[in-house]
Amino acid sequence: MEDNISINIFLKDSDNPYASFYSDDFLHLGSDLEDFILSKLLSAKRKNIELLFVGQNNFDENSLKTATLNSFSNLMKTDERIYARNIKKTIILFVFGIIIGLFYLKLQKSHAYIGGILSIVCWVFIWSGTEVYFFENMQIKQKIKKCKNILNANIYKK
């Protein structure tokens, strides 16, 4: 069974759904509208999404589709870069933690005080890597999945 969700976006005459500073050839949605659409997707598991732009305005359907696709593809690419950077950061933090842990093992008997400090520093590096990998990356992966689902959405204007 596939999940379906319909997101209705009401645009008033005075609303501008497009972000400023982009040319008409490379339209993007405004950040408030991007956040609104993402907030309507409670789960990244949704398969069939329908975006329905409603209201009395002069925005054509093709420009709204183009702006939506441009916005969420850029957002997804940015998040994918952040995710890849976080993986590298995690590996570096783990390696530093292990190296400091090895120094701790060497100094544990001869310099107990310094060894104790190195033990704490070792666990701080290891925990930081764990936090980045499991907590920060989980949220980024969910946002990437949401963006992929939006990129596959059916976009209409009424």
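Residues numbered from 1 in each chain as written. Predicted model: local features only at pLDDT ≥ 70, side-chain atom pairs only at ≥ 80, totals over all residues. Heavy atoms only, no water.

### Topic: the environment of lysine 88
Tracing the backbone shows lysine 88 in helix H2 (residues 61–107). For the pair lysine 88 and glycine 129, spaced 41 residues apart in the sequence, the C-alpha separation amounts to 9.7 Å. (Helix = DSSP H or I, 4+ residues; strand = E, 2+ residues; numbered from the N terminus.)

### Some thoughts on a nonpolar patch on the surface
Together, Ile91, Ile92, Val95, Phe96, Ile99 and Phe103 give the surface a local cluster of nonpolar side chains, amounting to about 560 Å² of exposed area. In this structure, phenylalanine 103 sits in helix H2. The class of phenylalanine 103 is partly exposed, set by a relative accessible area of 48%. (Patch = residues over 30% accessible without salt bridge, like charges linked within 9 Å, V, L, I, M, F, W, Y side chains within 5 Å. Areas by Shrake-Rupley, 256 points an atom, 1.4 Å probe, with all protein chains shown as cover. Salt bridge = Lys/Arg side-chain N within 4 Å of Asp/Glu carboxyl O. Buried < 20%, exposed > 50% of the residue type's maximum accessible area, 1.4 Å probe, protein only.)

### Notes on the pairing of strand E1 (residues 4–10)
Residues Ile5, Ile7 and Ile9 line the buried face of E1, whereas the alternating positions Asn4, Ser6, Asn8 and Phe10 sit on a face that is not buried. Two strands pair when backbone bridges link them, and E1 and strand E2 (residues 48–54) are joined in this way by 7 bridges, in the parallel orientation. Opposite asparagine 4, over in E2, you have asparagine 48 as the bridge partner. (Pairing = 2+ DSSP bridges.)

### Observations regarding helix H1 (residues 31–40)
Of all the residues in H1, the buried ones are Leu33, Glu34, Ile37 and Leu38. The buried residues of H1 occupy one face: seen down the axis, they fall within an arc of 135°. Buried positions along H1 lie against E1, E2, H2 and helix H3 (112–151). (Arc of directions from axis to C-beta. Contact = heavy atoms within 4.5 Å.)

### A short note on the pairing of E2
As judged from the 4 bridges shared by E2 and strand E3 (residues 154–157), these two strands associate in the parallel manner. Considered in E3, the bridge of glutamate 50 is made with asparagine 154.

### Digging into the confidence of the model for the chain
For the chain, the average pLDDT comes to 85, and 96% of its residues sit at 70 or higher. Here E1 stands out as the element of the chain with the lowest mean pLDDT, 85, in contrast to H2, whose mean of 91 is the highest. (pLDDT = per-residue confidence, 0-100.)

### Focus: the pattern of salt bridges
Counted by the stated rule, this structure contains 2 salt bridges. For glutamate 61, the salt bridge goes to lysine 65, with nearest N and O atoms at 3.4 Å. Taken together, the residues span about one helical turn, with glutamate 61 and lysine 65 both in helix H2 at a distance of 4 residues. Judged by relative accessible area, which is 29%, glutamate 61 ranks as partly exposed. Residue aspartate 79 is joined to lysine 143 by a salt bridge in which the shortest nitrogen-to-oxygen separation is 3.9 Å. Here lysine 143 lies in helix H3 and aspartate 79 lies in helix H2, a separation of 64 residues in the sequence.

### Brief notes about the side chain of threonine 90
Structurally, the position occupied by threonine 90 is in helix H2. For threonine 90, the residues in contact, after removing those within four places along its chain, are Gly129, Val132 and Tyr133.

### Digging into the packing of H2 against H3
Packing of H2 against H3 leaves a shortest axis separation of 8 Å and a crossing angle of 165°. In terms of orientation, H2 lies roughly antiparallel with respect to H3. The chirality of how H2 crosses H3 is left-handed. Split into classes, the residues belonging to the contact of H2 with H3 amount to 28 nonpolar, 12 polar and 7 charged. (Axes fitted to C-alpha atoms, helices over the stretch in contact; angles between N-to-C directions. Parallel < 35°, antiparallel > 145°, perpendicular 65-115°, else oblique. Left-handed = near helix turned anticlockwise from the far one by under 90°. Nonpolar A, V, L, I, M, F, W, Y, C, P; charged D, E, K, R; others polar.)

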